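Here is what each chain is made of, one letter per residue.
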Amino acid sequence: MSFILRRALLAIPSLFGLLVVTFLMIHVSPADPATTLAGDNATAEQIARIRHQYGLDQPLAVQFVRYVADVAQLDFGDSQYSSRPVATDLLGRLPATLELTLVALILATALGIPIGVVAAMHHNRWPDITLRLLSVAGVAVATFWLAIMLQMFFSMRLGWLPLRGRLTDGLAAPAGPTGLLLVDSLLHGDLTVFTDAFAHIVLPAATLALGGIATIARFTRAGVLDTMSRDFVQYARATGTPRQRLIWIYVLRNSVLAAVSQIGLLFGGLIAGSVVVESIFDWPGIGNYTVQAILTADSKVLLAVTLLIGVIYAVVNILTDLAQAAIDPRLRERR
Amino acid sequence: MPPAIRRLLRDIPTSVGLLIVLVVVALAIAGPWLAPYPGDASASHLIRRLKPPSADFPFGTDNLGRDIFSRVILGARGALEVSLLVVGASMAIGVPLGLVAGYGTGWVSEAIMRVTDVFLALPQLVLALALAQMLGPSLESAMIALVVTYWPFFTRIVFSETGQLRTALFVDALQGLGASRTRILLLHILPNTASPIIVRATIGLGFTILVAATLGFLGMGATPPDPDWGLAVAQSRTYLPAAWWFATFPGLAILFTVLGFNLLGDGLRDILDPRLRRSR
Amino acid sequence: MSAPILDVSGLRVSIHGEAGVARILHHIALRLERGRIMGLVGESGCGKSTFIRTILGVLAKGGRVESGRIAFDGIDLLAMSDRAMNSQIRGRRIGFIPQDPLLALNPLFRVGTQLLEIMRNHAAPGDHRARLLDLLRRVQLPDPEGALRRYPHQFSGGQRQRLLIAAALTCAPALIVADEPTTALDVTTQQQILILLKELVAETGTALLFVTHDLGVVAQTCDEMAVIYAGQMVETGPTRDVLANPRHPYTRALLACHPDRSTGFASIPGTVPPALHMPPGCRFAPRCPIAQSACPARKPHLLTVGPDHTADCILYETAA
């Protein structure tokens, strides 16, 4: 427990740094926010009034304190696009993005790890060489292009899967408690919604997961090869542990340590990917919202999204550390 | 032939990478002479719009009747220019900062690394999008945004390499001989950090092409009528699934180019950085 | 005399690598009777570990048995499939004690899990946990119950070696192979472990093949000894006979180097030949003070030089 707490405290400096950077980004920006707010035909007097009203004539330090206070109260102002508070909009869209990224992450792990193990077991033979090429290709595909190709093939040509959205129009999303449709529909026993939500999530999640599968497979493979050369594997073989058991239970645990440390980084990639994927699949999440904000030049939304992602990132890093500690008993004692 | 190059060529994936990169560079330089319809960089021929691939138009034509094959070839120059400029500028910022931070021990070094870590923790694409929007959507904004998000990678690498070298025996010896700090940094430490920088830069070129294409796709990068690959995929969406070639070929161009840089980068890492060779 | 538990003859093993073929083991022959302790002595790099791996059938990549026979309790081990070795021999009828007990245990799993895994694969059905606890008490490990829940790094070196000795005994093997089991330990702990091993062998009736480079350990622990040089078996016999009356020039040189015996600080001139470039015939000839012109042409084979005492040297060719 104290381990979790200490790890959480470590995140505070980087979150503070994030606040400073975002603050500076707004104030270094060539566009004067007061001029933007006042509109194109504003007089100098109007601009000055607005500048005063928003405290933009105060010293930078005072503005920064005010900025931090606003952020602490989740007050990011109203969105120009939806004219609702940005925080409300974001919270409403968070579950959709979480559901998408979580499914992608699960997919990436569930496929990436076994692929990596199999490649390592056939080191330098064809399954391994194929994987090496595919894993480099997997990171080289442009997400937006892959999304469009999948849409074109599976939705437009074959008609197997829905083209866009999270749920077919007319179907009612189950009320709570998580906001994740797949989970909620199961909790309510609503199989119609579950199948429909599942069909909708397949393509976007697969698009998002591809890079992750490649990355995790790569690291797992390197981890297995490294572990196989260790003394305890020799010992386990010399004491007659069956090969499959040895690899899938004992070697695997040592090997995924490196892959797990990548999941934190990977999550950053998933978030970035979700901006593109959500906009292409019309997924009602934060990524889609962000693209709208970019197109309408809604800087408040962009700021809030940047901060939110920073926080998610910090949380994911803490979770990654916890996962590693769960795998490796030595890490638990060191702190 | 030096042994390093022979080793590079013996590895099939790496040679494939090198080959692709050479082809892309050749296209970037000689594109206007190689493309069958060089005028299609900007011209439009509404008569032959959205024609499927044929002998005359191997990749078909787009919504304005332009030869996609030509535009894919012509797009190489833009893609390479953007990535070279972005990676070059990122190196110009990141490498000196890393050297200073890694060689020093005081608060300057500490401050540089804290800022670097914050930038590294930010999701690149979102940061780049936000910056590009603030600066006003254009190719130049996109490039500045990419530089702002990419320099920390170089600082990180150079910092850790320099930190290790600072305590190396030969540096002690140089200090003993009275060599100046700048001299040690530029003549002795910098060349020793070259390998990881080259590897990172090679992979960075591919990565930048990918992100720049994404910015172009989202309308925050290249502007029409540039023969930009990302932009072409964005334009194609209205005409799917009928005009499948319109989306497919520019995307494949991105895939192969980035694949080439990544394969080459991987191979270079194996050859230049013996410590990592084991983990491939 | 009953059939030996381990009977090795004419064993040649080589490793095929990128740089060429290394003929690691050139002529290995030994007989180990049931319930006896044999010390296998040699300098580092002479092929002791390769020999053990060959017995257990876990040769490193590129390793190949060129010729010879390893009979364990009358079974030809070299003819067995990897699968059969796994299910019938390794960990079941031949126990193994590794050199470094810290590296031999997986750091991420509880000790109990790892020891019970060996029993799960090999021991007769029954209450494995209770039997394991019993064994841990026998190897004098403090708090056996607690030990099962702990991780390898939470034990001292001596305790870890006790754990692995218990692991080797879990399935009541007919033979235990120990690869320098005390090298990684300090002198006091080393003594305790040696005494424990001797007691356990007497108690359980298992045979023990004890690989070491330490003649002192052999003198104290082993009934018999076999000396190996650069992959060739040069001398075998009862420990007392070999130590009192070494017949092979290498054994003599080795004994002369031992601090207990030598008056000054002696060493054997020259070095062990590199594995890729072994001299022909007797591999010790280039360093041998009494080498003859015929030595490089000699095919290695052990000659009887006394009761149960053999040596592989041209010196005894005429006497035989």
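Parameters at a glance
Residues numbered from 1 in each chain as written. Chains lettered and ligands numbered in written order. Predicted model: local features only at pLDDT ≥ 70, side-chain atom pairs only at ≥ 80, totals over all residues. Heavy atoms only, no water. Helix = DSSP H or I, 4+ residues; strand = E, 2+ residues; numbered from the N terminus. Buried < 20%, exposed > 50% of the residue type's maximum accessible area, 1.4 Å probe, protein only. Contact = heavy atoms within 4.5 Å. Areas by Shrake-Rupley, 256 points an atom, 1.4 Å probe, with all protein chains shown as cover. Lys, Arg positive; Asp, Glu negative; His and termini not counted. Charge placed at Lys NZ, Arg CZ, Asp CG, Glu CD. Patch = residues over 30% accessible without salt bridge, like charges linked within 9 Å, V, L, I, M, F, W, Y side chains within 5 Å. Salt bridge = Lys/Arg side-chain N within 4 Å of Asp/Glu carboxyl O. Pairing = 2+ DSSP bridges. Expected span 1.5 Å × (residues − 1). Arc of directions from axis to C-beta. Buried area = accessible area lost by both parts, 1.4 Å probe. Polar contact = N/O pair within 3.5 Å; in protein donor to acceptor, adjacent residues only side chain to side chain. pLDDT = per-residue confidence, 0-100. Nonpolar A, V, L, I, M, F, W, Y, C, P; charged D, E, K, R; others polar.

Trainee: Provide a residue-level description of the overall build of chain B, including the pertinent values.
Mentor: On a plain count of helices and strands, chain B comes out with 12 helices and zero strands. Listing the helices and strands of chain B from first to last along the sequence gives α-α-α-α-α-α-α-α-α-α-α-α. Seen through its principal axes, chain B has C-alpha atoms that stretch 75 × 50 × 30 Å. Counting every position in chain B, which comprises 280 residues, the buried fraction comes to 52%. In chain B, the share of contacts with a sequence separation of at least 24, taken over all contacts with a separation of at least 6, comes to 69%. Taken as a whole, chain B presents about 12200 Å² of accessible surface, with 69% of it coming from carbon and sulfur. Where the 21 positive side-chain charges of chain B centre and where its 16 negative ones centre are 6 Å apart.

Trainee: Lay out a nonpolar patch on the surface in plain terms, naming residues and giving numbers.
Mentor: All names here are of chain A. A cluster of nonpolar side chains, L98, L102 and I106, forms an exposed patch at the surface whose accessible area comes to about 250 Å². Position of L98 among the secondary structure elements: in helix 5 (residues 86–121). According to the relative accessible area criterion, L98 is partly exposed, its value standing at 31%.

Trainee: Would you mind going over the pairing of strand 1 (residues 6–17) of chain C in detail, with residue names and values included?
Mentor: Residues and elements named next belong to chain C. Looking at chain direction, strand 1 and strand 2 (residues 20–32) are connected through eight bridges and run antiparallel. Across the sheet, I15 pairs through a bridge with A22, a residue of strand 2. Linking two consecutive strands that pair antiparallel, namely strand 1 and strand 2, is a turn of two residues. Sheet topology places strand 1 next to strand 4 (residues 63–72); eight bridges connect them, and they run antiparallel. Counterpart to S14 in the pairing with strand 4 is R64.

Trainee: Go over helix 8 (residues 187–204) of chain C with me, naming the residues and quoting the values.
Mentor: Residues and elements named next belong to chain C. Its 18 residues give helix 8 an end-to-end C-alpha distance of 26 Å, which sits within 8% of 26 Å, the value for a rise of 1.5 Å per residue. Every buried residue of helix 8 is accounted for by T189, Q190, I193, L194, L196, L197, L200 and V201. Within helix 8, the buried residues cover an arc of 165 degrees as seen down the axis, which keeps them to one side. Exposed side of helix 8, more than 90 degrees from the buried face: V187, T188, A202 and E203 are the residues found there. Among the structural elements, strand 3 (37–41), strand 6 (94–97), helix 5 (128–138), helix 7 (157–169), strand 8 (207–212) and helix 9 (215–221) are those in contact with the buried residues of helix 8. Downstream of helix 8 by one or two residues, G205 has phi in the positive range, about 75 degrees.

Trainee: Can you tell me about unusual backbone geometry, naming the residues and giving the values?
Mentor: Residues and elements named next belong to chain C. One non-glycine residue, A172, lies in positive phi territory at about 45 degrees. Within the secondary structure, A172 sits in the loop between helix 7 and strand 7 (175–179). The backbone phi angle of A230 is positive, close to 45 degrees, even though this residue is not glycine. For A230, the position within the fold is in the loop between strand 9 (224–229) and strand 10 (232–238).

Trainee: Which residues make up the interface of chain B and chain A, and what values do they have?
Mentor: Each partner contributes residues to the interface: chain B has 47 residues there, and chain A has 42 residues. Buried surface at the junction of chain B and chain A, summed over both partners, amounts to about 3900 Å²; 75% is from carbon and sulfur atoms. For the pair chain B and chain A, the number of links is one salt bridge. Put simply, R218(A) and D266(B) hold a salt bridge, and the shortest N to O gap is 2.8 Å. Summed over the shared surface of chain B and chain A, the result is five residue pairs in polar contact (both at pLDDT 80 or more). Here the element with the most residues in the side of chain B that touches chain A is helix 11 (residues 244–272) of chain B; it accounts for 14 residues.

Trainee: Got a sec to walk through the confidence of the model for chain B? Specific residues and values, please.
Mentor: All names here are of chain B. In this model, chain B carries a mean pLDDT of 82, and residues with pLDDT of at least 70 account for 95%. Between the elements of chain B, mean pLDDT differs from a low of 49, seen in helix 12 (residues 274–277), to a high of 89, seen in helix 3 (residues 68–103). Counting interchain partners and residues more than four positions distant, the pLDDT-below-50 stretch residues 276–280 has 12 contacts.

Trainee: Please provide a residue-by-residue account of the arrangement of the chains, values included.
Mentor: The interface with the highest contact count, out of two pairs of chains in contact, is the one between chains A and B. These two, chain B and chain C, are apart from each other, with no contact and a minimum C-alpha gap of 15 Å.

Trainee: How would you summarise the pattern of salt bridges if you had to cite specific residues and measurements?
Mentor: Tallied over the full model, the rule gives 19 salt bridges over all chains. Of the charged contacts, one joins E99(A) and R166(A) as a salt bridge, the two residues approaching to 2.6 Å between their closest N and O atoms. In this pair, E99(A) sits in helix 5 while R166(A) sits in the loop between helix 7 (143–157) and helix 8 (181–187), placing the two residues 67 residues apart along the sequence. Grouping residues by exposure puts E99(A) and R166(A) together as buried. Close ionic contact of E203(C) with R138(C) constitutes a salt bridge, the shortest N to O distance being 3.0 Å.

Trainee: Got a sec to walk through the confidence of the model for chain A? Specific residues and values, please.
Mentor: Averaged over all residues, the pLDDT of chain A is 82; the fraction at 70 or higher stands at 95%. Helix 5 of chain A holds the highest mean pLDDT among the elements of chain A, 89, whereas helix 2 (residues 33–38) of chain A holds the lowest, 65.

Trainee: Give a detailed account of the interface of chain A and chain C, specifying residues and quantitative values.
Mentor: Taken together, the contacts link 25 residues of chain A with 28 residues of chain C. Between chain A and chain C lies a buried interface of about 2400 Å² when both sides are counted; carbon and sulfur atoms form 55% of it. On the chain A side of the contact with chain C, Y235(A), A238(A) and Y250(A) bury the most area, a combined 27% of that side's loss. Viewed at the interface, chain C and chain A are joined by one salt bridge. One salt bridge in this structure joins R245(A) and E117(C), with 2.6 Å as the shortest N-O distance. For the pair chain A and chain C, the interface holds nine residue pairs in polar contact (both at pLDDT 80 or more). Secondary-structure elements contributing two or more residues to the side of chain A that touches chain C are helix 10 (231–238), helix 11 (243–280) and helix 14 (329–334) of chain A. Of the residues forming the side of chain A that touches chain C, the biggest block, seven residues, is contributed by helix 11 of chain A. Of the residues belonging to the side of chain A that touches chain C, the class tally is nine nonpolar, six polar and 10 charged.

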